[in-house]
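Observations on the three-dimensional arrangement
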Amino acid sequence: MPIVAGFMVPHPPLIVPAVGRGSEKQVQRTIDSYDKVAEEIALLKPETIIITSPHATMYSNYFHISPGQGAKGSFAEFGAREVSFDEKYDSALWDSIATLAEAEDFPAGIEGERKAQLDHGTMVPLWFIRKKYSDFKIVRIGLSGLPLADHYHLGELIKAAVERTGRRAVFVASGDLSHKLQDYGPYGFAQEGPVYDERIMDVCGRAAFGELFDFDENFCDKAAECGHRSFVIMAGAFDGIKVRATKYSHEDVTGVGYGICSFYPEGPDETRHFRKLHIEEEERKLAELAANSDDYVKLARKSLESYILRKETIVVPEGLPSEMYKKRAGAFVSIHKQGSLRGCIGTILPTEDNVAAEIIQNAISASSFDPRFDPITADELKYLEINVDVLGEPEDIDSSSQLDVKRYGVIVSSGGRRGLLLPDLEGVDTVEEQIDIARRKGGIRPGERIKLQRFEVVRHT
């Protein structure tokens, strides 16, 4: 049996009267829409409600499925201890999801529970639902820092597990929208905030789930959105299915966006395999990019492919531009996959006989020995976007006023510790941010005396 319905809902504790104590009335439209969602769920009579929550256990490279027979929770941290929950988990369904993930070595399962107690991203939807309906168990799943395509695929696995177990299930994608919609809001205002809310309500209001992949990660970060990955998982649970969407409400009066939509399946639709379409388009773009990249990037790709596929380090090949043989310079190799950083390692000063050899070694290090990431595997190669930055000589400067975040990289030193940040990085908009990130990379604490250096780069793509 397919999932019978899905709902996109927010989770501000203040809309629970015992928490809001009257302030919840400022978002009455949201409350009214939530009540409508609860009424619809009651009519559907699901055996299981699957809830994805940004506030459940979350890892950078793994999806956590809450294990066991159940969990308890309350709104005690919000001043309403008397509002409590004792939820039963659908152990057969969560086990089926975990089993399907394990069978294809997908990073999802029950390892590493951090929050055995229910989180508010789970409890707020349950508070509304339980006013109308109570004969169900739940499956609770956290988000991750993995690419959106992986979140969508988790939804596909959930769909398969629901069909395998024969459960009558409803999907609740819990998540607020932008947290930066008003100057007076708790997180202030960012111009990306209202743009995000308008776009996400349009996309979800049309069930245009393929467009969820078009939200740039840096844009989402600046908008301070909460639920995008939750919505993508739900979209995956309706893969290959025509969906009827209804937009109930959107409010931003608290400075945080609250959006509510419903999604009902209407039968198979082979045009709606959105992850497959997204990956095909990404592969086409990356193949074109790789074919048109310059000799520096082609050398980095050849080096990392040789090492990943055969554990061989290539020698400096013939036929490169003459400066790659003659010049010695530090170089950084940066690798991205589906918009997310997958590895970045480099040298500030030259360590090899020429820049070509520098690139060969640093491409191997970035792909296989960046301690922040697992080594890149062979099946990832066609999804990689590679950049090479060749560094100029570092130059001592007297103050941050001599920096330009777009033109210069920065080296921050204190004693024997040193941190570096390249110039013109997405999401780094000010010199202060640039220095702070470099300082933290070097393990230099705030207030310690520092030395600043700047350098220019030639970026090859």
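In this text, all values refer to a predicted model and were calculated from it rather than measured experimentally. All residue numbers refer to position in the chain's written sequence, counted from 1. For this predicted model, a pLDDT threshold of at least 70 governs which residues receive local features, and a threshold of 80 or more governs which side-chain atom pairs are given and counted, while totals over whole chains, interfaces and linings are taken from all residues. To obtain the side-chain values, all non-hydrogen atoms of the structure were included, while hydrogens and water were left out.

1. Some details on the layout of surface pockets
- Here the second largest pocket defines a volume of roughly 980 Å³.
- Using protein atoms alone on a 1 Å grid, points that fit a 1.4 Å probe yet trap it form a cavity, whereas open point sets bounded by protein on both sides within 12 Å along at least five of seven lines form a pocket; residues with an atom within 4 Å of a point count as lining. What lines the second largest pocket is a set of 27 residues, among which Pro 107, Leu 146, Asp 150, Lys 337 and Glu 380 lie closest to the centre.
- Helix numbers and strand numbers start at the N terminus; a helix is a DSSP run of H or I with at least 4 residues, a strand a run of E with at least 2. At the level of secondary structure, the elements contributing two or more residues to the lining of the second largest pocket comprise α5 (148-165), α9 (274-292) and β12 (340-346).
- Grouping the constituent residues of the lining of the second largest pocket by class yields 10 nonpolar, seven polar and 10 charged. Grid points are joined across faces, edges and corners, and a volume is the space filled by probe spheres set on the points. Three classes are used: nonpolar for Ala, Val, Leu, Ile, Met, Phe, Trp, Tyr, Cys and Pro, charged for Asp, Glu, Lys and Arg, and polar for all others, with Gly counted as polar.

2. Re the packing of aromatic side chains
- Here a pair means two rings of Phe, Tyr or Trp (six-membered ring of Trp) with centres within 6.5 Å. Their orientation is stacked below 30 degrees between planes, edge-to-face above 60, and tilted elsewhere. The tally for this structure, following the rule as stated, stands at 14 aromatic pairs.
- Measuring from centroid to centroid gives 4.1 Å for Tyr 34 and Phe 128, while their planes differ by 5°, and the two rings are stacked. Taken together, the residues Tyr 34 in helix α2 (residues 28-44) and Phe 128 in helix α4 (residues 120-130) connect sequence positions 94 residues apart. Here Tyr 34 and Phe 128 have matching classes, each one buried.
- When the ring centre of Tyr 248 is taken as origin, the NZ or CZ atom of Lys 36, which lies over that ring, is 5.8 Å away.
- Any Lys NZ or Arg CZ found within 6 Å of a ring centre and within 35 degrees of that ring's normal is scored as a charge over the ring. The aromatic ring of Phe 215 is capped on one face by Arg 199, whose charged end is 4.0 Å from the ring centroid. Each residue is placed in one exposure class: buried if its accessible area under a 1.4 Å probe, protein chains only, is under 20% of its type's maximum, exposed if it is over 50%, and partly exposed if it falls in between.

3. A look at the pattern of salt bridges
- A side-chain nitrogen of Lys or Arg and a carboxyl oxygen of Asp or Glu constitute a salt bridge if their distance falls within 4 Å. Following the criterion strictly, the structure yields 29 salt bridges and no others.
- A salt bridge links Lys 276 to Glu 280; its shortest N-O distance comes to 2.8 Å. On the criterion of helical spacing, the pair formed by Lys 276 and Glu 280 is a turn pair, its members being four residues apart in helix α9.
- Note on Lys 276: relative accessible area 52%, which makes it exposed.
- For Glu 280, a relative accessible area of 38% gives the class partly exposed.
- Salt-bridge contacts for Asp 424 lead to Lys 406; the nearest nitrogen and oxygen are separated by 3.5 Å. Here Asp 424, found in the loop between β16 (417-421) and α13 (431-441), pairs with Lys 406, found in the loop between β14 (395-397) and β15 (408-414); they are 18 residues apart in sequence, far enough to count as distant.
- Judged by relative accessible area, which is 40%, Asp 424 ranks as partly exposed.
- When salt bridges with common partners are traced through the structure, they connect Asp 202, Arg 206 and Glu 211 into a single cluster.

4. Concerning the nonpolar core
- Residues grouped as a nonpolar core are buried Ala, Val, Leu, Ile, Met, Phe, Trp, Tyr and Cys residues, joined through side-chain atoms within 4.5 Å. Judged by nonpolar contacts, the single largest core of 93 residues is most densely connected at Ile 50, Ile 158 and Phe 263.
- Tallying contributions element by element places α5 first for this core, with eight residues.
- Only heavy atoms enter the contact rule, under which two residues are in contact if any of them lie within 4.5 Å. In contact with Phe 263, other than residues within four places in its own chain, are Ala 5, Gly 6, Phe 7, Met 8, Cys 204, Ala 207, Phe 209, Met 234, Phe 238, Val 243, Arg 244 and Ala 245.
- Formed by 25 residues, the second largest nonpolar core is a distinct cluster that contains Ala 356, Ile 360, Ile 376 and Ile 386.

5. Focus: the sheet that holds strand β8 (residues 169-174)
- Strand order in the open sheet made by the six strands is β7-β2-β8-β1-β10-β9, with mixed pairing throughout. Sheet topology places β7 (137-142) and β9 (241-251) at the edges, where each strand pairs with a single neighbour. Sheet twist, expressed as the mean angle between neighbouring strand axes with direction ignored, is 15°.
- Fitted lines through C-alpha atoms serve as axes, helices being fitted only where they are in contact, and the angles separating the N-to-C directions of these axes extend from 0 to 180 degrees. Packed on one face of the sheet, helix α6 (residues 192-205) meets β1 (5-9), β9 and β10 (258-268) and runs near 145° to β9. We treat two strands as partners when DSSP finds at least two bridges between them.

6. With respect to the environment of Val 333
- Structurally, the position occupied by Val 333 is in strand β11 (residues 331-337).
- Overall, Val 333 belongs to the buried group, its relative accessible area being 0%.
- Each C-alpha atom, one on Val 333 and one on Ala 366, is 6.4 Å from the other, the two residues being 33 residues apart in sequence.
- What Val 333 contacts, discounting residues up to four positions off in sequence, is Ala 300, Gly 343, Cys 344, Ile 345, Ile 359, Asn 362, Ala 363, Ala 366, Ile 386, Asn 387 and Val 388.

7. Thoughts on the packing of helix α10 (residues 295-310) against helix α12 (residues 355-368)
- The geometry of α10 relative to α12 is characterised by a closest axis approach of 8 Å and an angle of 50° between their N-to-C directions. Viewed along their axes, α10 and α12 adopt a mutual orientation that is oblique. When the axes of α10 and α12 are compared, the crossing they make is right-handed. Of the residues in α12, those touching α10 at Tyr 296, Leu 299, Ala 300, Ser 303, Leu 304, Tyr 307 and Ile 308 are Val 355, Ala 356, Ile 359, Ile 360, Ala 363, Ile 364, Ser 367 and Ser 368.
- The residue makeup of the contact of α10 with α12, split by class, is 12 nonpolar, three polar and no charged. The scheme is simple: roughly parallel for angles under 35 degrees, roughly antiparallel for over 145, roughly perpendicular for 65 to 115, oblique for anything else. Helix crossings fall into two classes, left-handed where the near helix is turned counterclockwise from the far one by less than a right angle and right-handed where it is turned clockwise.

8. Describing α6
- With 14 residues, α6 should reach 20 Å at 1.5 Å per residue; the first-to-last C-alpha distance of 20 Å fits that figure.
- Residues of α6 that are buried include every one of Glu 192, Gly 193, Tyr 196, Asp 197, Ile 200, Met 201, Val 203 and Cys 204, and no others. The arc enclosing the buried residues of α6, seen along the axis, measures out at 165°, which places them on a common side.
- Those residues of α6 that are buried lie in contact with β1, α7 (217-223), α8 (228-237), β9 and β10.
- Just beyond α6, the residue with positive phi is Ala 207, at close to 55°. Here, expected helix span is obtained from the residue count minus one, scaled by 1.5 Å. As used here, the arc is the angular range of directions from the helix axis to the C-beta atoms.

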